[in-house]
Amino acid sequence: MPLRTLALIGMFFASTNICLGWDGFDNETGASVEIGKGNLVRSGQTIEIYDHGSGEYRDVDVQSIQRSGGSVEVEVYDSESGEYRTLEMDD
């Protein structure tokens with residue numbers, strides 16, 4: 001019975017994290033960013049981010065993903081602005 005309870009608690013926390021999105025910030029501007037739920041963050045994928053600094057949703061192309069200490073660096077290309085951005089996301 002305890003194993004079943006732990007599994008249910010684990011599923012609750014996993015689903016809660018998915019619902020909230022993935023928080024981080026833009027290394028260059030320092031603005032908070034969020035990768036919303038439903039985005040598959042993998043190299044070559046296009047994902048939608050919300051940039052709190054500009055107050056806009058942006059579609060960006062994931063170039064690379066690298067774990068660094070207690071965070072994950074996601075390098076993306078924003079085709080609308082023509083800029084590469086490094087997003088440092090919570091691990």
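Residues numbered from 1 in each chain as written. Predicted model: local features only at pLDDT ≥ 70, side-chain atom pairs only at ≥ 80, totals over all residues. Heavy atoms only, no water.

Draft legend 1. Main features of the pairing of strand β2 (residues 32-35). Here β2 shows one buried face, formed by V33 and I35, and one open face, formed by S32 and E34. Summarising the sheet, strand β1 (residues 22-26) and β2 pair through four bridges and their orientation is antiparallel. When the sheet's bridge partners are listed, D23 is paired in β2 with E34. Inspection of the sheet shows β2 paired to strand β3 (residues 46-51) by three bridges, in the antiparallel sense. When the sheet's bridge partners are listed, E34 is paired in β3 with Y50. (Buried < 20%, exposed > 50% of the residue type's maximum accessible area, 1.4 Å probe, protein only. Helix = DSSP H or I, 4+ residues; strand = E, 2+ residues; numbered from the N terminus. Pairing = 2+ DSSP bridges.)

Draft legend 2. Inspection of the environment of D91 at higher detail. For D91, the position within the fold is in the segment after β6 (83-90). With 18 residues separating them in the primary sequence, D91 and E73 have C-alpha atoms 9.4 Å apart. Contact partners of D91, with chain neighbours within four places excluded, come to R67, G69, G70, S71 and V72. (Contact = heavy atoms within 4.5 Å.)

Draft legend 3. The arrangement of the pattern of salt bridges in detail. All chains considered together, the criterion is met by six salt bridges. E80 is the salt-bridge partner of R58, the closest N and O atoms lying 3.8 Å from each other. In this pair, R58 is assigned in strand β4 (residues 56-68) and E80 in the loop between β5 (71-78) and β6, connecting sequence segments 22 residues apart. The network of salt bridges with shared partners includes E56, R58, D78 and E80. (Salt bridge = Lys/Arg side-chain N within 4 Å of Asp/Glu carboxyl O.)

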